[in-house]
Amino acid sequence: MLVTGTKPKMSSTRTILLILGFLSTLAVIALIAVAVTQNKPLPRNIKYGIVLDAGSSHTNLYVYEWPAEKENDTGVVKQVEVCKVEGPGISGYSHATEEAGPSLAQCLQQAKEVIPSAQHKETPVYLGATAGMRLLRLQNKSAADKVLSSVENTLRLAPFNFQGARIITGQEEGAYGWITINYLLGNFKQSGWKKLLHSLTSLSETSGALDLGGASTQITFVSKDLSLESPENQLYFRLYGKDYQVYTHSFLCYGKDQALQQKLARDLQTVESSSLLDPCFHQGYQRTINISDFFKNPCTSDKKKELPFRQLYIEGEGDYQKCRENIQTLFNKTHCPYSSCSFNGIYLPPLQGDFGAFSAFYFVMNFLNLTSEPHPLALNKVTSTIESFCARPWQEVKTAYHHIKEKYLSEYCFSGAYILSLLENGYEFTEENWQMIHFLGKIGSSDAGWTLGYMLNLTNMIPAEEPAEPPLSHGSYVGLMVLCSLVLVSVLLFAWLLFHKPKCLQKGIV
Ligand SMILES: Nc1ncnc2c1ncn2[C@@H]1O[C@H](COP(=O)(O)OP(=O)(O)O)[C@@H](O)[C@H]1O
Ligand SMILES: [Ca+2]
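From a predicted model like this one, the values you see are computed outputs, not experimental measurements.

The rules we used
- Residues numbered from 1 in each chain as written.
- Chains lettered and ligands numbered in written order.
- Predicted model: local features only at pLDDT ≥ 70, side-chain atom pairs only at ≥ 80, totals over all residues.
- Heavy atoms only, no water.
- Helix = DSSP H or I, 4+ residues; strand = E, 2+ residues; numbered from the N terminus.
- Rg over C-alpha atoms; globule rule 2.2 N^0.38 Å.
- Buried < 20%, exposed > 50% of the residue type's maximum accessible area, 1.4 Å probe, protein only.
- Contact = heavy atoms within 4.5 Å.
- Areas by Shrake-Rupley, 256 points an atom, 1.4 Å probe, with all protein chains shown as cover.
- Core = buried A, V, L, I, M, F, W, Y, C linked by side-chain atoms within 4.5 Å.
- Domains from an automatic or database assignment.
- Near = heavy atom within 4 Å.
- Polar contact = N/O pair within 3.5 Å; in protein donor to acceptor, adjacent residues only side chain to side chain.
- Disulfide = S-S within 2.5 Å.

Overview of the overall build of the chain
Then step 1. A tally of helices and strands in the chain yields 15 helices and 16 strands.
Then step 2. Computed over C-alpha atoms, the radius of gyration of the chain comes to 32 Å, more than 25% over the 24 Å expected from 2.2 N^0.38 for 510 residues, which places it beyond the range of a compact globule.
Then step 3. Along the first, second and third principal axes, the C-alpha atoms of the chain reach 130 × 55 × 55 Å.
Then step 4. Split into buried and exposed, the 510 residues of the chain put 45% on the buried side.
Then step 5. In the chain, 74% of the contacts between residues at least 6 apart in sequence involve partners at least 24 apart.
Then step 6. Accessible area of the chain: about 26600 Å², with a carbon and sulfur share of 58%.

What about the environment of Gly49?
Then step 1. Residue placement: Gly49 occurs in strand S1 (residues 46-54).
Then step 2. Put simply, Gly49 and Gln79 are 30 residues apart on the chain and 9.4 Å apart in space, counted from C-alpha to C-alpha.
Then step 3. Not counting residues up to four positions away in its chain, the partners in contact with Gly49 are Tyr62, Val63, Tyr64, Trp66, Thr123, Pro124 and Met455.

Side note on the nonpolar core
Then step 1. Among the nonpolar cores identified, the biggest contains 71 residues, and Leu210, Tyr418 and Tyr427 are the most heavily contacted of them.
Then step 2. For this core, the leading source of residues is helix H13 (residues 406-426), giving ten residues.
Then step 3. Looking at this core, you find at least three residues from each of domain 2 (170-252 + 330-372 + 441-449 + 460-489) and domain 3 (255-320 + 379-430).
Then step 4. In this structure Tyr418 touches Leu212, Tyr254, Gly255, Lys256, Ala259, Ile327, Leu330 and Phe331, once residues within four positions along its chain are discounted.

Some thoughts on the site of ligand 1
Then step 1. What surrounds ligand 1 is a group of 17 residues, the closest being Ser56, Ser57, Thr130, Ala215 and Tyr412.
Then step 2. Asp257 is positioned such that a nitrogen or oxygen atom in its side chain is 2.9 Å from an oxygen atom of ligand 1.
Then step 3. Here Tyr412 contributes a side-chain N or O atom positioned 2.6 Å from a nitrogen atom of ligand 1.
Then step 4. For ligand 1, whose accessible area on its own is 580 Å², the fraction buried by protein is 88%.

Details of the state of the cysteines
By definition, a disulfide links the sulfur atoms of two cysteines through a covalent bond.
Then step 1. In this structure the tally under the stated criterion is five disulfides.
Then step 2. Note that Cys253 is cross-linked by a disulfide to Cys299, the S-S spacing being 2.1 Å. Between Cys253 and Cys299, the disulfide has an S-S torsion of -80 degrees and is therefore left-handed. One end of the pair, Cys253, is in the loop between strand S9 (242-252) and helix H7 (256-270); the other, Cys299, is in the loop between helix H8 (291-294) and strand S12 (311-316), with 46 residues separating them in the sequence. Neither residue differs from the other here; Cys253 and Cys299 are each classed as buried.

Structure representation (C-alpha cells):
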C-alpha cells in the first residue's frame, strides 16, 4: 500500500543514499591510491663488500651485497659473485713474490663490472690469507711478507676502499666459518615459534662448523661443557643480545693436501727402494715425487731423512682398508692432558648438535654422491661407497670422469678415506652422531666458508644487542589500523540503523 505524502521523503532518502554511495566510492579510490603510492618500490639503496679468500690451493674473490637500510638484520647479506683466481694460491708465489698481486687483476676487473662504478670508492675490500701463508711464514718469513705486500699494492691500486691484507689466525678462520653458516641459516635471530620449539626440545640453536682446506682444518661448535681447561680453544660472542660460548680449533698440516704430504713423509721412513706401493691411489695410477723440496715443508720437516734417491715413484694399490690404517697413524691418540681430546693432545669437549661441513668436506663428498640431504646417509653406506670407489682401476676412473681435473680425481680416494679417518678417529664421530653432519656447498646463494663472517664482523654488521624494533612492521600496522577503523565504522553504522531506523526501512513502507 502506498501512503500519500511519502514521495518527498523517498527522494530525500535516495539523495542521502546516493551521497553515501558517492563518498564510499571516493573513500575506496583514495584507499587504493594511497596504498599504491605508499607501496611503490623505493629506489634500491644497495651496498657492496669484497672479500678475497687467499687459500693454500687458490684464491677466490667474493662480492657481497645488502640493502643499506637493513644492514643489522640477519640473513640480508648475500653473495652475488665469486671469481676463482687463475693459478696457485698466493703462497705458491714464494719464488716470484712480485707476481702474487698481479695474479688477482682479472678477478678485480670482474668485481668492477658487477659493482656500479658510483659505488666503487665506498666498497670495502679485504684479503684474508689462510694456512698456505701460515706455512710460508714459518718456512720463509721474508717471502711471506713480500707476497703480502705485493697483493696489498695491487688492492690499493684498485678503485675500491682497501681495508687490509693479512694472514688470519686458525682461530679466526674457525670462528668466522661458524658465524657465516649460522648467519646464513638464520640461527642468530629466531622468530618466536622457532625460539619456543628450541627451548621446548632443548635442541641446539646453532650449528657447528667443520671446514676442510688444503693445509688446515677447523672444528667449531657451541659447547655447554666448556670449562677453563683450554682457554686458547674458547671464544665468547654476544650476538643479537645472546651469549655464545664457542669451542674452536684449527689443525695446521691437517688440510687434505698437507695430510697427504704427512702420510708420504711417514711412508718414506720405511721405504726400501725408490718405489712405493700406495693403497690410497687407484690401481694403475702412477706419480713421481721430488725428494729435494719434500722435507722443506714445515708439515714434513720433522721427518727429514737422508735418502739414497732423488725421486720417489708411487704406484697405486687401491685398497681402502689398508689406506685407512695408513692414514690413522696421523692421529696421535696416546696422550691427553685434558678430560677429553681429539688428537695430538688437543682438547675437545663432547660433540654437540648439528654440524655443517663445507669446503673440501663438501667437494669430496659431493663428487662421491654422499651429500644426500635432508636425510644423511648411514656411515656404513658412506664407507662402502668410498671402498668401492678406491677399488676401481685408474684407467676406468679416468674414462668415467674425463671432465674432472686429474689432480682432484686421483686424490678423491685418499681424500674420502682421510675425511672418514679425521671424523671417526680424530673427532670420534660415531655411527649415531654421523647423521648430525650435513655437507654444505652453498646456503642460499652464498658459499659456506669463513669470508662472509669475516666481512660481517669487520663492518660491524652483527650487533651485540638485538636492535629495538616495534612489534609490528609498518605495513602490518597500517593494515591493522585500516581494518579496525572499518570494523568500528560498520559497528557504529549498524548501531545507528538499529536505534534510528530510517522510515524507509520501517515495515510496510516499501
Ligand atoms: N672440486 C674440487 N674437488 C676436490 N677438491 C677441491 C675442489 N675444489 C677445491 N678443492 C680442494 O679444496 C681445498 C681448499 O683448500 P684451501 O681453501 O685452498 O686451503 P686452506 O683453507 O687450507 O688455506 C684444497 O685442497 C683444494 O684442492
Ligand atoms: Ca679454505
